[in-house]
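# Observations on the three-dimensional arrangement
The residues making up each chain are set out below.
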Amino acid sequence: MTVTFPLTEKRDPETLLKHLTLHKLSVPGNCVVSLKANVAHVSSSHTTALGTARTAW
C-alpha cells in the first residue's frame, strides 16, 4: 500500500520519519519513503500502521 503525506515547513521529511517511527514504521526496515517537492509517498505492507500514521499526520 502506498500513501501520500503532504509536506510543509513544519511537517518536513525529518518530522515525517519521526512520525512513522511512532507508528512502528521504519526506513528501510518495513517501509519505503519517496520524497517529492511537497509530498512524500510512503509504501509498506503494514497497511494498518500506515493508515493510522496517515490519519494522525
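Up top you'll find the structure we're talking about.
Position numbers for residues start from 1 in each chain and track the written sequence from start to end. A pLDDT threshold of at least 70 governs which residues receive local features in this predicted model, and a stricter bar of 80 or more applies before side-chain atom pairs are shown or counted, although totals over entire chains, interfaces and linings include all residues. Side-chain numbers come from the whole structure's heavy atoms, not from hydrogens or water.

So, about the sheet that holds strand β1 (residues 2-6). Paired strands, as defined in this entry, are two strands with at least two bridges between them according to DSSP. For helices the rule is a DSSP run of H or I covering at least 4 residues; for strands it is a run of E covering at least 2, with both sets numbered from the N terminus onward. One open sheet accounts for three strands, arranged β1-β3-β2; its pairing is antiparallel. Two strands in the sheet have a free side with no partner beyond their single neighbour: β1 and β2 (32-35). Strand-to-strand twist across the sheet, computed as the mean angle between neighbouring axes with direction ignored, equals 25°. The pairing of β1 with strand β3 (residues 39-43) spans five bridges and is antiparallel. When the sheet's bridge partners are listed, Thr4 is paired in β3 with His41. By definition in these notes, contact holds between two residues if any of their heavy atoms fall within 4.5 Å. Angles run from 0 to 180 degrees between N-to-C directions of axes, and those axes are lines fitted to C-alpha atoms, restricted for helices to the stretch in contact. Most of the contacts of helix α2 (residues 47-56) go to β1, to which it runs at about 20°, and overall it touches β1 and β3.

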